[in-house]
Amino acid sequence: MHSLTVTAATDHSAWDAFLAAQRFRPFLQSWTMGEVYRDVGQQPIRLEANDGTRVRGICLALDVPARRGRHLSVPYGPVVDPNDREAAAAILEALSTEARARGCSFVRLSPHWPRESAPPPGTLPAPLHLLAEEIWYLPLRSVDPWKTEGGSAPRTEEELLAGMRKTVRNLIRRAEKEGVAVEASPDPVADLRHFIALHDETRKRHKFTPYSNAFFRAQVERFAPRKECTLYLARWQGTVIAASIHMHAFGETSYHHGASSAGHPKIPASQLLQWTAIKDALRRGDGVYNFWGIAPQVSGADGERAIADRRHPFAGVTLFKTGFGGELLPLLHCRDLPLSPTYRLTRAFEFLRKWKRGF
């Protein structure tokens, strides 16, 4: 009988091979994403659970020296079968040891597990979320790979168009008629300046806390040479009026960052940009197009979905994303693993902040 051990991971290829073989493959847990964090000053912590015959789980964690309480953050991880309680417990024990050695008061996990999954052992529901927990995605195969394992045929462009809201189909056609041109940048590092300028405009318009420009650069510089990142630019009359950063790794495409100009509200460039990215994902043979987070939904008596809370930070993008058709994947709520009595102070502070913000 082989014993399960958790050690520091050192093999890039083995790490990504394990991730690629999973049902859910969040690129935020990829080896390359760890290097992105390293580039912006956060040292990645990579752990691997192995029973001597095979890898049973991986976990990329980050040391977050927040004023409200130093902690380890695990974005969309650990990557382990939710039913493999032994491997999950072993990874959590290793995370606890690492966190205590760094003076952390807790570990915050945001597993990419379906909401009905049993939570990681010994954890509590976190006061706040770490990442989006209502995931809107578009299956690109006849059998939804996030619901059923096994191969299936790709869906056709006609099928995908038919699944969209009628207004979205009309906006795509109108953008083409108006002369909007969408391209995948041949030099995303050089062209990132277009996205950054639009993103700064979008940030000011919607008043959200953005990623840093250094983070955008590191992500593009690391993933683009691996052909796992595309910078899309939508031009109208020669001017870039919308841009996005799409990740495509492990058979999935993710709409990760988007920005647009408010100066051309009647030109539906963003809709054509998304449709271009969806068609590219189909051509690559990807199984899922991930729009990422939307606001929590409630179902009415007629079966139609509605936004549960208009104050939610994703309320503004929910109508846009769901218009392309797709499915909802509710994820398990963010979990905390307390390690120190000082965690109680952090927990109280975060509950107060949540109460003030309303979500």
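The structure under discussion appears in the preceding block.
Note that the coordinates shown come from a computational prediction; the quantities given were computed from them, not determined experimentally. (Residues numbered from 1 in each chain as written. Predicted model: local features only at pLDDT ≥ 70, side-chain atom pairs only at ≥ 80, totals over all residues. Heavy atoms only, no water.)

Visitor: Explain the pairing of strand E8 (residues 134-139) here, please?
Guide: For a regular strand, the rule is simple: side chains alternate between the two faces of the sheet. Of all 6 residues in E8, 6 are buried; the element is thus mostly enclosed. Of the two faces of E8, the one holding Glu134, Trp136 and Leu138 and the one holding Ile135, Tyr137 and Pro139 are both buried throughout. Of the strand pairs in this sheet, E8 and strand E16 (residues 327-330) are connected by 4 bridges, and their pairing is antiparallel. The partner of Ile135 across the bridge, within E16, is Leu329. Relative to strand E13 (residues 288-293), E8 is paired through 5 bridges, and the arrangement is antiparallel. Each residue of the ladder has a partner; that of Ile135, found in E13, is Gly293. (Buried < 20%, exposed > 50% of the residue type's maximum accessible area, 1.4 Å probe, protein only. Helix = DSSP H or I, 4+ residues; strand = E, 2+ residues; numbered from the N terminus. Pairing = 2+ DSSP bridges.)

Visitor: When you look at the sheet that holds E16 in this model, what are you seeing that I'm missing?
Guide: Two orientations exist for strands paired in a sheet by backbone hydrogen bonds: parallel and antiparallel. Judged by pairing direction, the sheet is mixed, and its 7 strands sit side by side in the order E9-E10-E11-E12-E13-E8-E16 without closing on themselves. Looking at strand neighbours, the two that pair on one side only are strand E9 (181-184) and E16, the edges of this open sheet. Each strand of the sheet is rotated relative to its neighbour by a mean of 30 degrees, with strand direction disregarded. With 4 bridges connecting them, E9 and strand E10 (residues 229-236) associate as antiparallel partners. Bridge assignment links Glu183 to a residue of E10, and that residue is Leu233. Most of the contacts of helix H9 (residues 315-322) go to E13, to which it runs at about 160 degrees, and overall it touches E8, strand E12 (252-260) and E13. (Axes fitted to C-alpha atoms, helices over the stretch in contact; angles between N-to-C directions. Contact = heavy atoms within 4.5 Å.)

Visitor: Any chance you could explain the packing of aromatic side chains here in plain terms?
Guide: Think of a pair of aromatic rings as described by two things: how far the centres are apart, and how the planes are tilted against each other in angle. Considering all chains together, one arrives at 14 aromatic pairs under this definition. Aromatic ring contacts, followed pair by pair, group Tyr37, Phe195, Tyr211, Phe215 and Phe216 into a single cluster. Looking at Arg46, its charged tip hangs above the ring of Trp31, at a distance of 3.7 Å from the centre. Of note, Lys321 hangs over the ring of Phe314, and the distance from its end group to the ring centre comes to 6.0 Å. (Phe/Tyr/Trp six-rings, centres within 6.5 Å; stacked < 30°, edge-to-face > 60°. Lys NZ or Arg CZ within 6 Å of the ring centre and 35° of its normal.)

Visitor: What's the story with the pattern of salt bridges in this structure? I'm lost.
Guide: Side-chain pairs of opposite charge can arise whenever the charged atoms involved come near each other. For the coordinates displayed, the defined rule picks out 20 salt bridges. Here Arg56 ties to Asp51 by a salt bridge, and the two come within 3.5 Å at their closest N and O atoms. For Asp51, a relative accessible area of 9% gives the class buried. When the shortest N-O distance is used, the salt bridge between Glu98 and Arg102 registers 2.8 Å. Glu98 sits in the partly exposed class, given a relative accessible area of 26%. Look at the salt bridges and you will find they share partners, linking Asp51, Arg56, Asp84 and Glu86 into a network. (Salt bridge = Lys/Arg side-chain N within 4 Å of Asp/Glu carboxyl O.)

Visitor: Got a minute to help me understand the nonpolar core in this structure?
Guide: For soluble globular proteins, nonpolar side chains are generally found buried alongside one another. Among the nonpolar cores identified, the biggest contains 35 residues, and Leu28, Met33, Tyr76, Phe195 and Ile245 are the most heavily contacted of them. Elements with a minimum of two residues in this core: helix H2 (31-39), E8, helix H6 (188-206), helix H7 (213-223), E10, strand E11 (239-249) and E13. Beyond its immediate chain neighbours, meaning those up to four positions away, Leu28 contacts Met33, Tyr37, Leu60, Pro75, Tyr76, Leu131 and Trp292. Core analysis: the second largest hydrophobic core is formed by 28 residues, Ala175, Tyr232, Ala269 and Ile278 among them. (Core = buried A, V, L, I, M, F, W, Y, C linked by side-chain atoms within 4.5 Å.)

Visitor: Mind showing me how you'd approach the packing of H2 against H7 here?
Guide: Packed helices, taken two at a time, are described by the angle between their axes plus the distance between the axes. Where H2 meets H7, the axes come as close as 9 Å, and the angle between the chain directions of the two elements is 140 degrees. Classified by the angle their axes make, H2 and H7 are oblique. H2 and H7 meet at a crossing whose hand is right-handed. Where H2 abuts H7, its residues Thr32, Met33, Glu35, Val36, Tyr37 and Asp39 lie against Phe215, Ala218, Gln219, Arg222 and Phe223. (Parallel < 35°, antiparallel > 145°, perpendicular 65-115°, else oblique. Left-handed = near helix turned anticlockwise from the far one by under 90°.)

Visitor: What is the right way to read the state of the cysteines from this model?
Guide: Cysteine pairs can be linked by a disulfide, which is a covalent bond between their two sulfur atoms. All told, the structure shown has 0 disulfides when counted by the stated rule. Cysteine Cys104 shares no disulfide, and the gap to the nearest cysteine sulfur, in Cys59, comes to 13 Å. The exposure class of Cys104 is buried, given its relative accessible area of 6%. (Disulfide = S-S within 2.5 Å.)

Visitor: What exactly am I supposed to notice about the environment of Gln42 here?
Guide: The residue Gln42 is located in the loop between H2 and strand E2 (44-50) in this model. Its relative accessible area of 25% is what places Gln42 among the partly exposed residues. Once the C-alpha coordinates of Gln42 and Leu62 are considered, the two residues, 20 residues apart in sequence, prove to be 6.6 Å apart.

Visitor: Mind showing me how you'd approach H9 here?
Guide: Helical geometry note: an α-helix holds 3.6 residues per turn, so side chains three or four residues apart project in the same direction. Of all the positions in H9, only Ala315, Thr318, Lys321 and Thr322 are classed as buried. The arc enclosing the buried residues of H9, seen along the axis, measures out at 110 degrees, which places them on a common side. The exposed residues of H9 that point more than 90 degrees off its buried face are Gly316 and Leu319. (Arc of directions from axis to C-beta.)

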